[in-house]
Amino acid sequence: MELFARYRPEFSTFEETMVEVLATTLATPEFLYLTLRTAADRTAAESADSSERISDLEFASRLAMFLWSSVPDEELLTLAEQGTLRKPEVLTVQVNRMLTDARSSRMSKHFVEQWLGLDRMDSVTHLTDATLKDAMLAEPVAFFDHVRRHNLSVVDFIHSDYVVVNERMASHYQVPEVHGPQFRPVPISPSLNRGGILTCAAIMTINSDGKDSHPLKRGVWMLKRILDDPPPPPPPNVPEVDLTDPEILKMTLKERIVNHRNKPACLSCHSRIDPWGIAFENYDALGSYRTQIGGQPVDAAAELFNGQPLTGIDGLKQYLLVDRQDQFVRAMVQKLTSYSLGRPMSFGDSAEIDSLTASLRQKGDGLDDLIHLIVQSDLFNSR
């Protein structure tokens, strides 16, 4: 109304004035971003309570944005206004209510897309089947949603004895007797070489060169997305593989990588990255499993920089589950907490992330438990 009163003398009609009022409103930071009030905006009672603690209404907004990607409903607002929303017994009931609401599927979709980098599918040109592309993008989201709804262990993302597929993805993976467009968990045998999200077709597709696998892209993806240990950016003037050299053209993809890696300028980075990606060599540019390339057996054996051998996807999964499980769980805690707050984690957040990780491990690594731990944490309750 204040804007309307200010703008009305400047326009000849009511409609023109309202357009300007609405345009101004839609362009304000408060509309575009989830903002927090400064100390000067808070009441004396709120400031005395804690200079770092967000208000109950700010907490309700943060909670709704995290779990629903939307604004709080009347029930959340009422509890926030009453000052009871953050009582442990009340908060538990509300989080459970929100997670069973259909709006919680937005969290699964938005988080998984950001976590796994699925937006890169937009630049993929070698996938021409629109139905398959849609199913590929939906599969990891459906897998995450299944784990969340049943409070299964986040370690299932590394490996599981089931896949979550619909008929189109089941056909792509050669899983029999799956019909219809709905995604559902389907038990699988080890011979299928699936389970978890590492071998999802979407992951293999976005980390390919359009014709074949791309061990470097897949290795970088593993370190960045799964272990939260991204490699440093490549140094300037890195020599590229000379594809005009007939001797290079005779090499397999793995042999080209080894040849490139042995150059002094490339060794330090590639020795950390390439072995992770080579372990995925059994999966082609569309994520289909293969045992031969050009009539030759697939060579998916590699050795990590620490001397640890990896033999294909089975060796990779076993190593992650046995030796890197704590690192993966901590990475999941950090990534989901970062998503919940809408900001990257800093060094100052490390102690709280470690504490959340320890609590989650004690509870059995359930994804639903992780969400409850995050909303109860000091990080989520602070500005």
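Note that this is a predicted model, so its numbers are computed, not measured.

Student: When you look at the overall build of the protein chain in this model, what are you seeing that I'm missing?
Tutor: Helix and strand content of the protein chain: 20 helices and six strands. Counted over contacts in the protein chain with a minimum sequence separation of 6, partners at least 24 positions apart contribute 64%. Just so you have it, the protein chain exposes about 19400 Å², and 55% of that area is on carbon and sulfur atoms.

Student: Can you help me understand empty space enclosed by the protein in this one?
Tutor: Vacant regions in the atomic arrangement are exposed by a probe of water-molecule size rolled over the atoms. For the structure on display, the rule yields one cavity of 30 Å³ or more. Considering only enclosed or pocket space, the largest cavity measures out at about 30 Å³ in volume. Along its surface, the largest cavity is lined by Glu139, Val163, Tyr173, Arg194, Gly195, Gly196, Thr199 and Cys200. Taken together, the residues that form the lining of the largest cavity break down as three nonpolar, three polar and two charged.

Student: Explain unusual backbone geometry to me, please; I cannot follow it from the model alone.
Tutor: A negative phi angle characterises most non-glycine residues, just as the trans form characterises most peptide bonds. At Gln174, a residue that is not glycine, the phi angle is positive and equals roughly 65°. The residue Gln174 is located in the loop between helix H10 (167–173) and strand S2 (184–187) in this model. Judged by relative accessible area, Gln174 falls into the exposed class, the value being 69%. Not every positive phi belongs to a glycine, and Asp365 is a case in point at roughly 70°. You can see Asp365 is positioned in the loop between helix H18 (350–363) and helix H19 (367–376). Taking the relative accessible area as the measure of exposure, Asp365 reaches 7% and is therefore buried.

Student: I would appreciate a short explanation of the pairing of strand S1 (residues 162–165) in the present structure.
Tutor: Neither face of S1 is exposed, since Tyr162 and Val164 on one face and Val163 and Val165 on the opposite face are all buried. Taken together, the four bridges between S1 and S2 define a ladder with antiparallel strand orientation. In the sheet register, Tyr162 faces S2, and the bridge partner there is Pro187.

Student: Mind showing me how you'd approach helix H5 (residues 56–68) here?
Tutor: Note: α-helices contain 3.6 residues per turn, so residues at a spacing of three or four share the same orientation. End to end, H5 covers 17 Å across 13 residues, agreeing with the expected 18 Å (1.5 Å per residue, within 8%). Listing the buried residues of H5 in full gives Glu58, Phe59, Ala60, Arg62, Leu63, Ala64, Phe66, Leu67 and Trp68. Those residues of H5 that are buried lie in contact with helix H6 (74–82), helix H7 (88–100), helix H8 (105–116), helix H17 (325–341), H19 and helix H20 (378–381). In the segment just after H5, Ser69 is the residue with positive phi, at about 55°.

Student: Sorry if this is basic, but what is going on with the pattern of salt bridges here?
Tutor: Any two side chains of opposite charge can pair if their charged atoms end up close together. Summed over the entire model, instances satisfying the criterion amount to 16 salt bridges. For Arg149, the salt bridge is made with Asp145, and the minimal N-O distance between the two is 2.8 Å. Here Arg149 and its partner Asp145 are both found in helix H9 (residues 130–149), four residues apart, which amounts to about one turn of the helix. Residue Asp365 pairs with Arg361 through a salt bridge whose shortest N-O separation is 2.7 Å. Ionic contacts of the salt-bridge type, sharing partners, join the residues Asp73, Glu75 and Arg97 into one network.

Student: Any chance you could explain H8 here in plain terms?
Tutor: For H8, which comprises 12 residues, the first-to-last C-alpha distance of 17 Å matches the rise-based estimate of 16 Å (1.5 Å per residue) to within 8%. What H8 keeps buried is the set Met107, Ser108, Phe111, Val112, Trp115 and Leu116. The buried residues of H8 all sit within an arc of 115° when viewed along its axis, so they share a single face. Its buried side turned inward, H8 meets H5, H9, helix H11 (201–206), helix H12 (215–226), H17 and H19. Downstream of H8 by one or two residues, Gly117 has phi in the positive range, about 70°.

Criteria and thresholds
Residues numbered from 1 in each chain as written. Predicted model: local features only at pLDDT ≥ 70, side-chain atom pairs only at ≥ 80, totals over all residues. Heavy atoms only, no water. Helix = DSSP H or I, 4+ residues; strand = E, 2+ residues; numbered from the N terminus. Contact = heavy atoms within 4.5 Å. Areas by Shrake-Rupley, 256 points an atom, 1.4 Å probe, with all protein chains shown as cover. 1 Å grid on protein atoms, 1.4 Å probe; cavity = no way out; pocket = protein on both sides within 12 Å on 5 of 7 lines; lining within 4 Å. Points joined across faces, edges and corners; volume = space filled by probe spheres on them. Nonpolar A, V, L, I, M, F, W, Y, C, P; charged D, E, K, R; others polar. Buried < 20%, exposed > 50% of the residue type's maximum accessible area, 1.4 Å probe, protein only. Pairing = 2+ DSSP bridges. Expected span 1.5 Å × (residues − 1). Salt bridge = Lys/Arg side-chain N within 4 Å of Asp/Glu carboxyl O. Arc of directions from axis to C-beta.

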